[in-house]
Amino acid sequence: MPTLDELLAQVDAARDDIVRLEQDLVRIPSVNTGFMPTGNETAVCDYIRDWLAEDGVDSETLESAPGRGNIIASLKGHSDSPGLMFMAHLDVVPVEDETKWTYPPFSATIANGRIYGRGSSDCKALLTAQMMASRILVRNSVELKEDLLLSFSADEEHGGRYGVGWLADNHPEKITAPYAVNEGGGQPADAAGNLAYIVNLGEKGRLQIEIEVKGESAHASVPWMGTNALYGVAQVLERIEHYEPERDTSAVIFRHLSKFAIEDVPSPENIDSIIDEFEARDPRMATTLRAASRMTLTPTIIGGGIKSNSVPETINITCDVRTLPHQDDEYVRAELTRLFDGIPGVSFDIDYMAVPNASSPDTEFMRHIQNVTEYVLGGRSIEWIPGLCVGFTDSRFTRPLGVVTYGFDGTHPDDNPLENNVHGTDESVSIRTLVTSTKMRLAGAFAGESTDRTRAEG
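Predicted, not measured: the structure shown is a model, and the values here were computed from it.

## Side note on the overall build of the chain
Logical step 1: Scanning the chain from terminus to terminus reveals 12 helices and 17 strands.
Logical step 2: For 458 residues, the compact-globule estimate of 2.2 N^0.38 gives 23 Å, and the C-alpha radius of gyration of the chain, at 24 Å, lies within 12% of that figure.
Logical step 3: Taking all 458 residues of the chain together, 57% fall into the buried category.
Logical step 4: The long-range fraction of contacts in the chain, counting pairs at least 24 apart against all pairs at least 6 apart in sequence, stands at 79%.
Logical step 5: If you sum the accessible surface of the chain, you get close to 19400 Å²; carbon and sulfur atoms cover 49% of it.
Logical step 6: Here the chain contributes 39 positively and 71 negatively charged side chains, and the mean placements of these two sets differ by 2 Å.

Right, dumping it as structure tokens:
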């Protein structure tokens, strides 16, 4: 059996294949608008099925609804029981204005050492890395200790109800392993001149708030005969814009800021000044700390009115809310009630889409991730920071199944993840990150707990 070094060299030799695979996946427009029918993830499943079959790997596509495919495969190990699961999602967010893109959003154009396209970073880069790592393992007949599960799912971008959430409810045995690696972490940071990586242990909760502002209709030529709901909306939006959420520094990441040469112990009273200190030298970390230290309330959709010459009676506002672990829906309800107090005609409903969750940082697998990463990066010394994903991922469905799940994409240490522009115009991923991430997946599955340079056995 080849050594780990020999396998990693094969990843470098497969650079063009990695690029082509990423391009093929991006060119399948698995766009999830959130309104059925949408997603068409089954088209991606079909591509993956045929791609895996080239190496004799069987797979199973499970549709939660027509076109909403989830594909499961397994690389068998000696124990005939799962040991590790690779996770990724197949859907991508819509493109709002294609004319703003430098290259067509599903062209997967290569420029500046990057591949441009919707979903190129979120999450088809991770999908590419995991598929290529699996292919190299199979083609080298690597004998794994335990089964390696591949779980690539639908609907992550709209809550997972047709994806991992559906699998957890209907086929939990197919997505259960002791450990899993998913998106949501693994970005490099500068820790006082040293390389640091953040491993996300958990994530904030997500709620969707539907606000209704009621008025009284009237003819627009005599507006005083009614009550224009838009004026109430203006008050609601102004209150949201100036909302100051409670500061909180209980997340585990705040216990590690000394690694970034922060002398003060973070507290709700000083966290904003600490964030200001980061802003100039590390905007990425400043953004992470700001989101991890407070609930966020963001208006995202507005609609209402029936005719240009009628005073609107009802306006609806949709807001995205991300909560910290101790902030349940009752906390959110109390905050919103206080925030909108005194504005007539306002009511709201809460749709709970994700409960805050986390895995323990104190596991052998966490140490394995650290060892593998340092090995792939040539033995570099790395500072490790346990983090909190400020969005949400499908990991929130696997953790309740007893699967220790970490977010670790494996970005190249010289790449700036902000350049990926996830969900934005000209989304892209660097080719060197695709290669590095593939190496990390390969080493993680192959090496077990050993990273000996001459004989790392699976």
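Okay, back to it.
## Some words on the packing of aromatic side chains
Logical step 1: For the coordinates displayed, the defined rule picks out eight aromatic pairs.
Logical step 2: Seen from their ring centres, Tyr 103 and Tyr 116 are 5.2 Å apart, and the 55° between their planes marks the pair as tilted. Highlighted residues: Tyr 103 in the loop between strand S3 (82–89) and strand S4 (109–111) and Tyr 116 in strand S5 (residues 114–116), separated in sequence by 13 residues.
Logical step 3: Taking relative accessible area as the criterion, Tyr 116 reaches 12% and is therefore assigned buried.
Logical step 4: Through pairs of rings, three or more aromatic residues link up here, namely Tyr 179, Phe 365 and Tyr 406.
Logical step 5: Above the plane of the ring of Trp 51 lies Arg 135, whose end atom (NZ or CZ) is 3.7 Å from the centre.
Logical step 6: Directly above the ring of Phe 278 sits Arg 281, whose terminal nitrogen or CZ lies 4.6 Å from the centroid.

## Here's the deal with the packing of helix H2 (residues 15–26) against helix H3 (residues 41–53)
Helices that pack against each other are described as a pair by the angle of their axes relative to one another and the distance between those axes.
Logical step 1: The contact between H2 and H3 brings their axes to 10 Å, and the two run at 150°. Classed by the angle they form, the pair H2 and H3 counts as roughly antiparallel. On H3, the residues touching Leu 21, Asp 24 and Leu 25 of H2 are Val 44, Tyr 47 and Trp 51.
Logical step 2: Residue composition of the contact of H2 with H3, grouped by class: five nonpolar, no polar and one charged.

## Comments concerning helix H12 (residues 431–446)
Logical step 1: In this model H12 runs 23 Å from its N-terminal to its C-terminal C-alpha over 16 residues, within 8% of the 22 Å that 1.5 Å per residue would give.
Logical step 2: Across the 16 residues that make up H12, a large majority, 15, are buried.

## Brief notes about the environment of Lys 124
Logical step 1: Following the sequence through the fold, Lys 124 ends up in helix H4 (residues 124–139).
Logical step 2: Judged by its relative accessible area of 1%, Lys 124 falls in the buried class.
Logical step 3: The spacing of Lys 124 and Glu 22 is 102 residues in sequence and 6.7 Å in space, taken between C-alpha atoms.
Logical step 4: Ignoring sequence-local partners within four residues, the contact set of Lys 124 consists of Glu 22, Leu 25, Val 26, Ile 28, Ser 30, Leu 90, Val 92 and Gly 119.
Logical step 5: Of the polar contacts made by the side chain of Lys 124, one reaches the backbone oxygen of Leu 25; its length is 2.9 Å.

## A word on the sheet that holds strand S17 (residues 428–430)
Logical step 1: If you walk across this open sheet you meet the three strands as S4-S5-S17, and the pairing is antiparallel. Taken across any chain shown, the strands that pair with only one partner, and hence form the sheet edges, are S4 and S17. For this sheet the average axis-to-axis angle between neighbouring strands, irrespective of direction, equals 25°.
Logical step 2: Relative to S5, S4 runs antiparallel, the two sharing three bridges. Along S5, the bridge assignment pairs Thr 109 with Tyr 116.
Logical step 3: H12 contacts S4, S5 and S17 of the sheet and is inclined by roughly 65° relative to S17.

## Looking at the sheet that holds strand S12 (residues 314–323)
Logical step 1: Strand order in the open sheet formed by four strands is S11-S12-S10-S13, and the pairing between neighbours is antiparallel. Each having just a single partner strand, strand S11 (296–304) and strand S13 (346–354) make up the two edges of the open sheet. For this sheet the average axis-to-axis angle between neighbouring strands, irrespective of direction, equals 20°.
Logical step 2: Summarising the sheet, strand S10 (residues 205–214) and S13 pair through eight bridges and their orientation is antiparallel.

## Details of H4
Given 3.6 residues per turn, any residue in an α-helix points the same way as the ones three and four places further on.
Logical step 1: For H4, built from 16 residues, the straight-helix expectation of 22 Å at 1.5 Å per residue is met to within 8% by its first-to-last C-alpha distance of 22 Å.
Logical step 2: Burial of H4 is extensive: 14 of the 16 residues sit out of reach of the surface.

## Notes on the pattern of salt bridges
Logical step 1: Taken as a whole and assessed by the stated rule, the structure comprises 26 salt bridges.
Logical step 2: Two residues, Asp 320 and Arg 322, come together in a salt bridge whose shortest N-O distance is 2.8 Å. Each member of the pair, Asp 320 as well as Arg 322, is classed as buried.
Logical step 3: Residues joined by salt bridges that share partners form a network here, namely Glu 54, Asp 55, Arg 135 and Arg 139.

## Considerations on the nonpolar core
Logical step 1: Core analysis: the largest hydrophobic core is formed by 68 residues, its most contacted members being Ile 48, Leu 127, Leu 148 and Phe 152.
Logical step 2: Residue contacts for Ile 48: discarding those within four places in its chain leaves Ile 71, Leu 90, Leu 127, Met 131 and Phe 152.

## Re the state of the cysteines
Logical step 1: What the rule picks out here adds up to zero disulfides.
Logical step 2: No disulfide involves Cys 45; its sulfur sits 13 Å from the nearest other cysteine sulfur, which is in Cys 123.
Logical step 3: With no disulfide of its own, Cys 389 lies closest to Cys 123 among cysteine sulfurs, the gap being 11 Å.
Logical step 4: On the accessibility criterion, Cys 389 (11% relative accessible area) is buried.

## Describing the confidence of the model for the chain
Logical step 1: On average, the chain scores 94 in pLDDT, and the residues at 70 or more come to 98%.
Logical step 2: The low-confidence segment residues 449–458, where pLDDT is below 50, has 26 contacts with residues more than four positions distant or belonging to other chains.

Conventions and cut-offs
- Residues numbered from 1 in each chain as written.
- Predicted model: local features only at pLDDT ≥ 70, side-chain atom pairs only at ≥ 80, totals over all residues.
- Heavy atoms only, no water.
- Helix = DSSP H or I, 4+ residues; strand = E, 2+ residues; numbered from the N terminus.
- Rg over C-alpha atoms; globule rule 2.2 N^0.38 Å.
- Buried < 20%, exposed > 50% of the residue type's maximum accessible area, 1.4 Å probe, protein only.
- Contact = heavy atoms within 4.5 Å.
- Areas by Shrake-Rupley, 256 points an atom, 1.4 Å probe, with all protein chains shown as cover.
- Lys, Arg positive; Asp, Glu negative; His and termini not counted.
- Charge placed at Lys NZ, Arg CZ, Asp CG, Glu CD.
- Phe/Tyr/Trp six-rings, centres within 6.5 Å; stacked < 30°, edge-to-face > 60°.
- Lys NZ or Arg CZ within 6 Å of the ring centre and 35° of its normal.
- Axes fitted to C-alpha atoms, helices over the stretch in contact; angles between N-to-C directions.
- Parallel < 35°, antiparallel > 145°, perpendicular 65-115°, else oblique.
- Nonpolar A, V, L, I, M, F, W, Y, C, P; charged D, E, K, R; others polar.
- Expected span 1.5 Å × (residues − 1).
- Polar contact = N/O pair within 3.5 Å; in protein donor to acceptor, adjacent residues only side chain to side chain.
- Pairing = 2+ DSSP bridges.
- Salt bridge = Lys/Arg side-chain N within 4 Å of Asp/Glu carboxyl O.
- Core = buried A, V, L, I, M, F, W, Y, C linked by side-chain atoms within 4.5 Å.
- Disulfide = S-S within 2.5 Å.
- pLDDT = per-residue confidence, 0-100.

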